[in-house]
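# Report on the structure
Listed below, chain by chain, are the residues.
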Amino acid sequence: MENAHILPMAERSFDPVYHGTSQENWESIRQQGRFVVAKARMGKSPGYLGDGVYFYESSHEDAWIWAKDEKRFPLPVVVKACIQALRCIDCCDWSVVKALDRAYVKFEKRMRNEGREPKEPYFFHWLGRHVLKEIDCIRACQRRPSARRELLWSRFESNRLVICVKKPEVIAKFEIFEENQKDL
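These notes cover the structure that comes with them. (Residues numbered from 1 in each chain as written. Predicted model: local features only at pLDDT ≥ 70, side-chain atom pairs only at ≥ 80, totals over all residues. Heavy atoms only, no water.)

## As for the packing of aromatic side chains
Scanning all chains against the criterion turns up 5 aromatic pairs. Their ring planes at 80° and their centres at 5.2 Å tell us that Phe35 and Phe174 sit as a pair that is edge-to-face. Of the two residues, Phe35 sits in the loop between α1 (23–32) and β2 (53–56) while Phe174 sits in strand β6 (residues 171–176), which places them 139 residues apart along the sequence. The class for Phe35 is buried, based on a relative accessible area of 2%. Relative accessible area serves as the criterion here: at 23%, Phe174 is assigned to the partly exposed category. For the pair Trp66 and Phe73, a centre-to-centre distance of 6.4 Å together with 65° between the ring planes defines the contact as edge-to-face. Overall, the relative accessible area of 26% leaves Trp66 in the partly exposed class. Connected via pairs of aromatic rings, a cluster forms that spans Trp26, Phe35, Phe55 and Phe174. (Phe/Tyr/Trp six-rings, centres within 6.5 Å; stacked < 30°, edge-to-face > 60°. Helix = DSSP H or I, 4+ residues; strand = E, 2+ residues; numbered from the N terminus. Buried < 20%, exposed > 50% of the residue type's maximum accessible area, 1.4 Å probe, protein only.)

## As for helix α3 (residues 94–113)
Taking 1.5 Å per residue, 20 residues should reach 28 Å; α3 reaches 29 Å between its end C-alpha atoms and fits that length. Restricting attention to buried positions, one finds in α3 the residues Val96, Val97, Ala99, Leu100, Ala103, Tyr104, Phe107, Glu108 and Met111. (Expected span 1.5 Å × (residues − 1).)

## Observations regarding the pattern of salt bridges
Counted by the stated rule, this structure contains 7 salt bridges. Across the pair Arg12 and Asp90 runs a salt bridge whose closest N-O atoms are separated by 3.0 Å. Within this pair, whereas Arg12 is found in strand β1 (residues 10–22), its partner Asp90 is found in strand β3 (residues 76–90), the two being separated by 78 residues in sequence. Under the relative-accessibility criterion, Asp90 is labelled buried at 13%. Salt-bridge contacts for Glu27 lead to Arg30; the nearest nitrogen and oxygen are separated by 2.5 Å. In this pair, Glu27 and Arg30 both sit in helix α1, 3 residues apart, roughly one turn of the helix. Among the ionic contacts, a cluster of salt bridges with common partners joins Arg12, Glu57, Asp90 and Arg139. (Salt bridge = Lys/Arg side-chain N within 4 Å of Asp/Glu carboxyl O.)

## Looking at the environment of Ala85
The topology assignment puts Ala85 in strand β3. In this structure Ala85 comes out as buried when scored by relative accessible area, which is 1%. Expressed as a C-alpha distance, the spacing of Ala85 and Phe14, which sit 71 residues apart in the sequence, is 8.5 Å. Leave out the neighbours within four places in its chain, and Ala85 touches Ala10, Glu11, Arg12, Asp136, Cys137 and Val170. (Contact = heavy atoms within 4.5 Å.)

## Here we look at the environment of Ala63
With respect to the helices and strands, Ala63 occurs in helix α2 (residues 60–70). Ala63 gets classed as buried once you look at its relative accessible area, which sits at 0%. Between the C-alpha atoms of Ala63 and Val162, which are 99 residues apart in sequence, the distance is 9.9 Å. When near neighbours in sequence (up to four residues on either side) are disregarded, Ala63 contacts Tyr18, His19, Gly20, Tyr56 and Val78.

## Things to note about the environment of Arg116
With respect to the secondary-structure elements, Arg116 resides in the loop between α3 and α4 (122–131). A distance of 2.7 Å separates a polar atom in the side chain of Arg116 from a polar atom in the side chain of Glu114. (Polar contact = N/O pair within 3.5 Å; in protein donor to acceptor, adjacent residues only side chain to side chain.)

## Considering the state of the cysteines
Applying the stated criterion across every chain, the model contains 0 disulfides. The thiol sulfur of Cys91 is not disulfide-bonded, and the nearest other cysteine sulfur, from Cys92, lies at 7.4 Å. (Disulfide = S-S within 2.5 Å.)

## Here we look at the side chain of Ser59
Mapped onto the fold, Ser59 is located in the loop between β2 and α2. For Ser59, a relative accessible area of 9% translates into the label buried. Within the structure, Ser59 has its side chain in polar contact with the side chain of Glu61 (distance 3.1 Å). Within the local environment of Ser59, its side chain forms a polar contact with the backbone nitrogen of Asp62, the two atoms lying 2.9 Å apart.

So this is what it looks like as structure tokens:
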């Protein structure tokens, strides 16, 4: 990966984190003893940090709301987990965001030199599919996307901390969250 060496990566542990899913998915995770990174289907968005298993760092309520209201699972559940990553990129750290911005500017320049014009949402495709392939996880703040370039990095300014796990083997332990029966 050509951009990995310029990105500050660190060993990080996150405990607890929360993943919203369906009862059916939870049963599959429990039976297999692991999470599986589902690849985006044709025409579907892989998520704003690319393919991965998404966790909320600070809130089981956000995981519940995501599963219940955004995904509309008929039987939503929240899974509590621990992540122990050796290579984590923290986009809540502005030095990391600046390094990503510099790398993307170089990427855009190279595309233009090859006669291709990158579209604005292409940044997130580049980030999720190319830059972050060799890492265990990325930590960022969740915010709705903006099509305006000057607001590109404002997407990482929020108090909803999200961790996108690229390599499920870093999910050290997991269990159903005990308060699942409550309608948060």
